[in-house]
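Below, each chain spelled out in residue letters.
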Amino acid sequence: MKENRKKGSQGAGSRRRMTGIAVCVLLAVTAVAAGAVYRGEKAARDREEQTVPVQSEDVQTENKGWREAESNPLREETDSEITEAVRRYYEERTAQSPFAEGYENLKTYTKRGKYKDTYLAFVRYDMKIKDIYTMAPGLEILYIEPDEETGELCVEEELPDEGTRDAAQLLASQEDAGQLMAEVQAAYDQAVASDAILAEALADLEAASAGQQSGE
C-alpha cells in the first residue's frame, strides 16, 4: 500500500494489528512479546498521522473457495516474491529491535486471503535474543497484499478493514493452522524448559508487551 497508508493510524480503540490474531490463539508464542513491542513503538511514532481510506470491498475480486480449508489449505510457501517480502519484514524488525539479534530459519506457510492477490502468512521462526544462546521458536501471522503503486507484494502493518480482519480470524481458526500453532507452541515450551535464562528473558518481554498494549 502507499507509504501514508502503511503509517496510517486510527485511535487506540480502533487500531487492530495482525498480531492480535496470534495473541488470541497462541498466547505463549514469541510473536506475542516481540511483535507487540515492535509495533507498539511504531504505533507511538505514527499515531498523529492521518489515515487514508482503503479500497472498498465492492471493487475487489473475491477469491473463490477462500473460506474452506479443503479448497484453501495451509501450504508451505515457495513463491519467491512472498518469501522475499517476509524476509524484508524480519530484516526491518531486527534493525528496529532493542533485543533481537535476528530471526532465523524462517519458514512461511500461507492461505489465500479473501481478495485476489492477498495472503495470510503464518511465519515460523527462531528468534535469537541478545546474549542468550538458546533461540526462541515463534510464530507470527502476517497479511500480505500488493503495493498500490508498484504491485509488489509486501507485509502490511495493519489489516485494511473489518471484513479483512474477520476473514483473517476465520482462516487462522481452521484446523490446519491450529496444528501448526500447536507444533510451534510445543517447540516454544521445550526451549523455555531447557534454558532458565531464556525463560526469564521471555517473561520480561511479555511484561514489556503488556505494558505497550495497556499504554496504547
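Residues numbered from 1 in each chain as written. Predicted model: local features only at pLDDT ≥ 70, side-chain atom pairs only at ≥ 80, totals over all residues. Heavy atoms only, no water.

Concerning the overall build of the protein chain
Moving on, step 1. What the protein chain contains, in helices and strands, is seven helices and five strands.
Moving on, step 2. Overall, the protein chain shows an N-to-C arrangement of helices and strands of α-α-α-β-α-β-β-β-β-α-α-α.
Moving on, step 3. In the protein chain, buried positions account for 48% of the 216 residues. (Helix = DSSP H or I, 4+ residues; strand = E, 2+ residues; numbered from the N terminus. Buried < 20%, exposed > 50% of the residue type's maximum accessible area, 1.4 Å probe, protein only.)

Brief notes about unusual backbone geometry
Moving on, step 1. The backbone of Asp117 shows a phi angle near 65°, a positive value even though the residue is not glycine.
Moving on, step 2. Within the element layout of this structure, Asp117 appears in the loop between strand E2 (100–112) and strand E3 (119–129).
Moving on, step 3. Assessed through its relative accessible area of 39%, Asp117 is described here as partly exposed.
Moving on, step 4. At Asp131, a position not held by glycine, the phi torsion is positive, near 70°.

What about helix H6 (residues 175–194)?
Moving on, step 1. An ideal rise of 1.5 Å per residue puts 28 Å on 20 residues; H6 measures up with 29 Å between its terminal C-alpha atoms.
Moving on, step 2. Of the positions making up H6, those classed as buried are Ala177, Leu180, Met181, Val184, Gln185, Tyr188 and Ala191. One side of H6 holds all its buried residues, which, seen down the axis, span an arc of 140°. Facing away from the buried side of H6, by more than 90 degrees, are the exposed residues Glu175, Gln179, Gln190, Ala193 and Ser194. (Expected span 1.5 Å × (residues − 1). Arc of directions from axis to C-beta.)

A few points about the nonpolar core
Moving on, step 1. The biggest cluster of nonpolar side chains holds 25 residues, and the ones touching the most others in it are Tyr90, Met127, Ile129, Leu142, Ile144, Leu198 and Leu202.
Moving on, step 2. The element contributing the most residues to this core is E3, with six residues.
Moving on, step 3. Those residues in contact with Ile129 that lie beyond four places of it in its chain are Phe99, Leu198, Leu202 and Leu205.
Moving on, step 4. Counting 17 residues, the second largest nonpolar core, distinct from the first, contains Trp66, Leu159, Ala168 and Leu180. (Core = buried A, V, L, I, M, F, W, Y, C linked by side-chain atoms within 4.5 Å. Contact = heavy atoms within 4.5 Å.)

A word on the confidence of the model for the protein chain
A low pLDDT means the predicted coordinates there should not be read in detail.
Moving on, step 1. For the protein chain, the average pLDDT comes to 78, and 70% of its residues sit at 70 or higher.
Moving on, step 2. Below pLDDT 50 for its whole length, residues 1–58 participates in 127 contacts with residues either more than four positions away or in separate chains. (pLDDT = per-residue confidence, 0-100.)

Examining the sheet that holds E2
Moving on, step 1. As summarised here, the arrangement of the five strands in space is E1-E2-E3-E4-E5, forming an open sheet in which the pairing is antiparallel. With partners counted over all chains shown, the strands left at the sheet margins are strand E1 (75–76) and strand E5 (153–155), one partner each.
Moving on, step 2. Note that E2 and E3 share 10 bridges and pair antiparallel. Within E3, the residue paired with Thr110 across the bridge is Ala121.
Moving on, step 3. Across the sheet, helix H5 (residues 162–172) is in contact with E2, E3 and strand E4 (136–146); its angle to E3 comes to roughly 70°.
Moving on, step 4. Against the sheet, H6 touches E2, E3 and E4, its axis set at about 145° to E4. (Pairing = 2+ DSSP bridges. Axes fitted to C-alpha atoms, helices over the stretch in contact; angles between N-to-C directions.)

Some remarks on the side chain of Glu140
Moving on, step 1. When you line up the elements, Glu140 lands in strand E4.
Moving on, step 2. Residue classification places Glu140 among the buried positions, given a relative accessible area of 0%.
Moving on, step 3. Engagement of the side chain of Glu140 in a polar contact is seen with the side chain of Arg93, the distance being 2.9 Å. (Polar contact = N/O pair within 3.5 Å; in protein donor to acceptor, adjacent residues only side chain to side chain.)

Section: the pairing of E4
Moving on, step 1. Counting buried positions over the 11 residues of E4 gives 10, a clear majority of the element.
Moving on, step 2. Relative to E4, E3 runs antiparallel, the two being bridged by nine bridges. Across the sheet, Arg124 pairs through a bridge with Leu139, a residue of E4.
Moving on, step 3. Linking E3 back to E4 in an antiparallel pair, the connection comprises six residues, with Asp131 at a positive phi of about 70°.
Moving on, step 4. As paired strands, E4 and E5 are joined by three bridges and run antiparallel to one another. Paired with Glu145 across the two strands is Cys154, which belongs to E5.
Moving on, step 5. Between the antiparallel neighbours E4 and E5 lie six residues, among them Gly151 with a positive phi of about 80°.

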